[in-house]
Amino acid sequence: FFMSLFFLISGFLVARSYDAKGGWPFVKGRLLRLGLPLLAWALLMIPLQIFVFGAPGGGAKAWPIDVGHLWFLEHLLLFSLAYALWRGLRGRRPRTDIAPRPPRAWSVLLFAVALALVSGLVRIAYPIDRWVYLLGFFRVAFADVPRDLSFFVLGLVAYRRRWLSAMTARAGRVWLAAAAILAALIAAYDLVLYDLFPIGEPAWGTVYVFWESLFCCAACAGLLVLFREKAAMHGRLAAALAKSQYAAYIFHVPVILAFQYAILSVSLPPFAKFALVTAVSIPATFALAWLVRRPLHL
């Protein structure tokens, strides 16, 4: 669910940024902020794919270019440019006098059911975790596109209708409780109930896609309200981390891999290794992000 939450937040910020900057300045900013890191990463990956990650015996390929975790930037750039095109063709500024009113529970449930149906149809041809490369560099898992794209659009609507500020703390607690119950149900089935009531394919795929859509909607709504109410920090540390979060996203994979490789031969249980790498790599990633940003004045 968390990538869809990022797309929802991104849609919210994209709409706000376009209103503040206007058409061409917004497009130029997106190309620089999202396009340049993508280009730099792609140019770095070409020699790595040939000389480092290539299979022994001449199996290395420079094409398609594996952008790895930066697929999120690819999708966000495409969605942002599509929104800018739509705003340009529309020609008029959206209304700003809309009274804030959060979505009703029944509308969220209806959206979750519709999302599950569309996702289920797409996953017949493109199962979960099947990645394809469009044009040799655009990395797509079509199984997740309906959810990610629809949540980006929801972010655009949430900004215009001021949903994030209009949702009550009580509603947030209800959605968070619903997400916790759904998470407990899937865990209980995996750990205990499967032996008693095994569900085979394709029935399980149908059950799972509806569970996933409901859980995603409930978790996103509940977490947004929770952090708005309980974790709206504005101190110096929070400000520094916020400024470095984009660079941390770009650099976190090589940092984590480096620490994983460093303790590969250490005799520890897997969970202990996971906890150790997590505890060390998070501050190391943000420290690296700060060191990169500082000389560039970003």
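Going by the structure above, here's the rest.
Residues numbered from 1 in each chain as written. Predicted model: local features only at pLDDT ≥ 70, side-chain atom pairs only at ≥ 80, totals over all residues. Heavy atoms only, no water.

**Overview of the overall build of the protein chain**
Turning to step 1, where the next piece is worked out: Each helix and strand counted, the protein chain has 10 helices and 2 strands in total.
Turning to step 2, where the next piece is worked out: Ordered by position in the sequence, the α and β elements of the protein chain form the string α-α-α-α-β-β-α-α-α-α-α-α.
Turning to step 3, where the next piece is worked out: Its C-alpha atoms give the protein chain a radius of gyration of 21 Å, near enough to 19 Å, the size a compact globule of 298 residues would have.
Turning to step 4, where the next piece is worked out: Expressed along its principal axes, the backbone C-alpha trace of the protein chain runs to roughly 60 × 60 × 45 Å.
Turning to step 5, where the next piece is worked out: Going through the 298 residues of the protein chain one by one, you find that 34% of them count as buried. (Helix = DSSP H or I, 4+ residues; strand = E, 2+ residues; numbered from the N terminus. Rg over C-alpha atoms; globule rule 2.2 N^0.38 Å. Buried < 20%, exposed > 50% of the residue type's maximum accessible area, 1.4 Å probe, protein only.)

**Some words on the packing of aromatic side chains**
Turning to step 1, where the next piece is worked out: Under the criterion given, the structure shown has 20 aromatic pairs.
Turning to step 2, where the next piece is worked out: With a centroid separation of 5.8 Å and an interplanar angle of 65 degrees, the aromatic rings of F111 and F151 are classed as edge-to-face. Taken together, the positions of F111 in helix 4 (residues 105–125) and F151 in helix 5 (residues 145–161) put the pair 40 residues apart, joining distant regions of the chain.
Turning to step 3, where the next piece is worked out: What makes F111 partly exposed here is its relative accessible area of 22%.
Turning to step 4, where the next piece is worked out: The ring of W131 carries the charged tip of R139 above its face, separated from the ring centre by 4.0 Å. (Phe/Tyr/Trp six-rings, centres within 6.5 Å; stacked < 30°, edge-to-face > 60°. Lys NZ or Arg CZ within 6 Å of the ring centre and 35° of its normal.)

**Description of helix 9 (residues 236–262)**
Turning to step 1, where the next piece is worked out: When the terminal C-alpha atoms of helix 9 are compared, their 32 Å separation across 27 residues is substantially less than the 39 Å that a helix rising 1.5 Å per residue should span.
Turning to step 2, where the next piece is worked out: Of all bends in helix 9, the biggest is about 50 degrees, found at F251, and the proline P254 comes one to four residues later.
Turning to step 3, where the next piece is worked out: Those residues of helix 9 not exposed but buried are S244, Y246, A247, A248, I250 and V255. (Expected span 1.5 Å × (residues − 1). Bend = angle between axes of the 7 residues up to and from the residue.)

**Details of unusual backbone geometry**
Turning to step 1, where the next piece is worked out: Even without being glycine, L135 reaches a positive phi, approximately 60 degrees.
Turning to step 2, where the next piece is worked out: Looking at the secondary structure, you find L135 in the loop between strand 1 (132–134) and strand 2 (138–140).

**Some details on the environment of G35**
Turning to step 1, where the next piece is worked out: Counting through the fold element by element, G35 comes out in helix 2 (residues 23–51).
Turning to step 2, where the next piece is worked out: In the structure, G35 is positioned 38 residues away from L73 in sequence and 7.9 Å away in space, judged by C-alpha atoms.
Turning to step 3, where the next piece is worked out: Beyond its immediate stretch of four places on either side in the chain, G35 contacts R30 and L77. (Contact = heavy atoms within 4.5 Å.)

**Observations regarding the nonpolar core**
Turning to step 1, where the next piece is worked out: Counting residues in each nonpolar core, the largest one holds 27 residues, and the members touching the most others are F72, L73 and F152.
Turning to step 2, where the next piece is worked out: Elements represented by at least two residues in this core include exactly helix 1 (2–21), helix 2, helix 3 (71–90), helix 5 and helix 9.
Turning to step 3, where the next piece is worked out: Among the elements that line this core, the one with the most residues is helix 3, at 8 residues.
Turning to step 4, where the next piece is worked out: Leaving out residues up to four positions away in the same chain, L73 has contacts with L34, P37, L38, Y246 and Y249.
Turning to step 5, where the next piece is worked out: Among the nonpolar cores identified, the runner-up in size contains 20 residues, and A112, F151, F215 and A221 belong to it. (Core = buried A, V, L, I, M, F, W, Y, C linked by side-chain atoms within 4.5 Å.)

**Considerations on the pattern of salt bridges**
Turning to step 1, where the next piece is worked out: In total, this model carries 8 salt bridges according to the counting rule given.
Turning to step 2, where the next piece is worked out: With a closest N to O distance of 3.8 Å, R139 and D66 form a salt bridge. Of this pair, R139 sits in strand 2 while D66 sits in the loop between helix 2 and helix 3, placing them 73 residues apart in sequence.
Turning to step 3, where the next piece is worked out: A salt bridge links R147 to E212; the nearest nitrogen and oxygen atoms lie 3.0 Å apart. With a gap of 65 residues between them, R147 in helix 5 and E212 in helix 8 (residues 203–230) connect regions that are remote in the sequence.
Turning to step 4, where the next piece is worked out: Taking the relative accessible area as the measure of exposure, E212 reaches 11% and is therefore buried.
Turning to step 5, where the next piece is worked out: Salt bridges sharing common partners tie together R123, D144, R147 and E212. (Salt bridge = Lys/Arg side-chain N within 4 Å of Asp/Glu carboxyl O.)

**Focus on a nonpolar patch on the surface**
Turning to step 1, where the next piece is worked out: Taken together, the side chains of F1, F2, F6, I9 and L13 present a nonpolar region at the surface, about 440 Å² in accessible area.
Turning to step 2, where the next piece is worked out: Along the polypeptide, F2 turns up in helix 1. (Patch = residues over 30% accessible without salt bridge, like charges linked within 9 Å, V, L, I, M, F, W, Y side chains within 5 Å. Areas by Shrake-Rupley, 256 points an atom, 1.4 Å probe, with all protein chains shown as cover.)

**Here's the deal with the side chain of R87**
Turning to step 1, where the next piece is worked out: Looking at the secondary structure, you find R87 in helix 3.
Turning to step 2, where the next piece is worked out: Here D19 takes part through its side chain, which lies 3.0 Å from a polar atom of the side chain of R87.
Turning to step 3, where the next piece is worked out: If we ignore the near neighbours within four places in the chain, the residues touching R87 are Y18, D19, R93, P94 and R160. (Polar contact = N/O pair within 3.5 Å; in protein donor to acceptor, adjacent residues only side chain to side chain.)

**Topic: helix 4**
Turning to step 1, where the next piece is worked out: With 21 residues, helix 4 extends 31 Å between its outermost C-alpha atoms, agreeing within 8% with the 30 Å of an ideal straight helix rising 1.5 Å per residue.
Turning to step 2, where the next piece is worked out: For helix 4, the secondary structure elements touched by its buried residues are helix 5, helix 7 (169–196) and helix 8.

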